[in-house]
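Structural characterization, general
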Amino acid sequence: MPKPIRIWLAPPGPNPWKVIIVLEELQIPYEITSIRFENIKAKPFIDLNPNGRVPAIEDPNTGLTLWETGAIILYLIEQYDTEKKLTYDTVVERNRLNQWLMFQVSGQGPYYGQATWFQVLHSEKIPSAINRYVEEAKRVCGVLEGSLAGKKWLVGDKITFADLAFVPWNDRLDAVLMCEGEKKFEGFPLVKAWHESMISRPSWKKAMEIRAKLMDIQGLAWNGMPKGVSNMEEYVEKIKKDAEAAGK
Amino acid sequence: MATRPDIHLYTTQTPNGIKISITLEELGLPYKVTKIDISKNTQKEPWFLEINPNGRIPALTDTFTDGKTIRLFESGSIQQYLIDQYDKDHKISYPRGTREYYEMNSWLFFLNAGVGPMQGQANHFSRYAPEHIEYGVKRYTNETRRLYGVLNTQLEKSTSGYLVGDKCTIADIAHWGWVTAAFWAGVDIDEFPALKAWDERMLARPGVEKGRHVPERHTIKDLQKDPAKMKEIAEKSKAWVQQGMAADAKK
């Protein structure tokens, strides 16, 4: 049994949960250090990740500290998925998995993220910017829809880390598109079925239970900001005020 | 059994395209090139979507070890494929399972998920967007500058002059096309001395020099000195970016 891996995260955003569900699926022991949003770009966390973004992991079994979800997932798979539960050892499939993972981290994450920023977090509503990222999110769904035609999973005949990587962002597609939850996959029935088969797994349920608890401890609402705060400018202002109050 | 490598690269003169040709040159691999004309939307044609369902360059095909064709897309995964298959001497990578291998992946993902998309958005809002939105320009230019600061700090600490360990790796190569085009996104490289020195160090490598001119001359450095030409290119790009956006929105 390996020693538990320490994973540093802030609960609101989607990215840490990508790593948590892989840890859960592989039953790798782990411990969470939950930090607040305002401490992400500060010590001690930036000593682990110079980019000041969550998550990062410290693995006492190998002494390795690692950041960027894509790199973390590839490491966990190589190091701990010895039975190939979430991967393949054949070279064609392995490269296909990497391809979809890269598409997720560079194609889905950044653009869903920008859409959410302009839809939810930014104080001023800029229609052309919202439109740009909403259209791109829909385009990404279209690529997934086409690639899932005739199959259940992106690569091969079983669930892999590449499928799982898409779950946290697709789960908040309603905030990306600003629509009702049940309408978020309209026009993408295969993506919907694929997504729903993954969120019904124990790994996702467990991850969301942990998230709810950690959000609550930090007093955060669904949008990742403190209850009663409605956009990022107000949040930044509140952080500043709280810091001043603490300094007095 | 077909002979390997039998690499065919589908690409355009962009930061994401040249990272593959530079990787191929650094490894000394033979390859065929097809130029994809993104202004004519060649990347959305059915034959290309067969190779990359996402309709983006670069894409690459090769004869795989089983004698059949393998099709790959996403520049990061193409780079990983090339070192896995052909960098047995670890010229631009580290052996799987080593600390440096995983750290190289951190920086590779940092480029693919961070620098590339954010600098791309900075280009969009400062060069191509239908209306000038000061907030959009600032948001992405500032984020690009922040990311450059992270790179600069890493390079200041480096004893080799490269991002990870004692040599230039695919992580450095992935960054170069973007960093060397910093000015296009409104970022002044002079603010980041270690990164600027790295840019010049990279450019001095024969593999970079050869690979950057694929499928045609790499002119971004010359463009910086020619504001009139810069404007002309931005206007042209603006026209087809907006055409593409309109076409995507109709689907």
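Keep in mind that what you see is a predicted model, and the values were worked out from it rather than measured.

Assigned secondary structure in chain B consists of 10 helices and 4 strands. Secondary structure elements in chain B, listed N-terminal to C-terminal, are β-α-β-α-β-β-α-α-α-α-α-α-α-α. Based on the C-alpha atoms only, the size of chain B along its principal axes is roughly 55 × 45 × 30 Å. Burial analysis of chain B (251 residues in total) assigns 57% to the buried set. A separation of at least 24 residues holds for 69% of the contacts in chain B among residues at least 6 apart in sequence.

With that out of the way, let us pick up the domain arrangement of chain A. Residue and element names in this part refer to chain A. Domain assignment breaks chain A into domain 1 (5-85 + 203-217) and domain 2 (91-202). Here domain 1 and domain 2 have C-alpha centroids that lie 20 Å from each other. When domain 1 packs against domain 2, close to 1600 Å² is buried across both sides, 63% of that on carbon and sulfur atoms. The shortest N-O distance in the salt bridge between Glu25 and Arg201 comes to 2.8 Å. Looking at the side of domain 1 that touches domain 2, the elements that each hand over two or more residues are α1 (15-26), α3 (69-80) and α10 (202-217).

Bringing the packing of helix α4 (residues 91-121) of chain A against helix α4 (residues 99-128) of chain B into the picture now. It is the contact of α4(A) with α4(B), at a shortest axis distance of 10 Å, that shows an interaxial angle of 40°. On the basis of their axis angle, the class for α4(A) and α4(B) is oblique. In this structure, the crossing between α4(A) and α4(B) has a hand that is right-handed. Counted together, Leu101(A), Met102(A), Val105(A), Ser106(A), Pro110(A), Tyr111(A) and Gln114(A) of α4(A) and Leu108(B), Phe109(B), Asn112(B), Ala113(B), Pro117(B), Met118(B) and Gln121(B) of α4(B) form the full contact between these two elements.

Calculation notes
- Residues numbered from 1 in each chain as written.
- Chains lettered and ligands numbered in written order.
- Predicted model: local features only at pLDDT ≥ 70, side-chain atom pairs only at ≥ 80, totals over all residues.
- Heavy atoms only, no water.
- Helix = DSSP H or I, 4+ residues; strand = E, 2+ residues; numbered from the N terminus.
- Buried < 20%, exposed > 50% of the residue type's maximum accessible area, 1.4 Å probe, protein only.
- Contact = heavy atoms within 4.5 Å.
- Domains from an automatic or database assignment.
- Buried area = accessible area lost by both parts, 1.4 Å probe.
- Salt bridge = Lys/Arg side-chain N within 4 Å of Asp/Glu carboxyl O.
- Axes fitted to C-alpha atoms, helices over the stretch in contact; angles between N-to-C directions.
- Parallel < 35°, antiparallel > 145°, perpendicular 65-115°, else oblique.
- Left-handed = near helix turned anticlockwise from the far one by under 90°.

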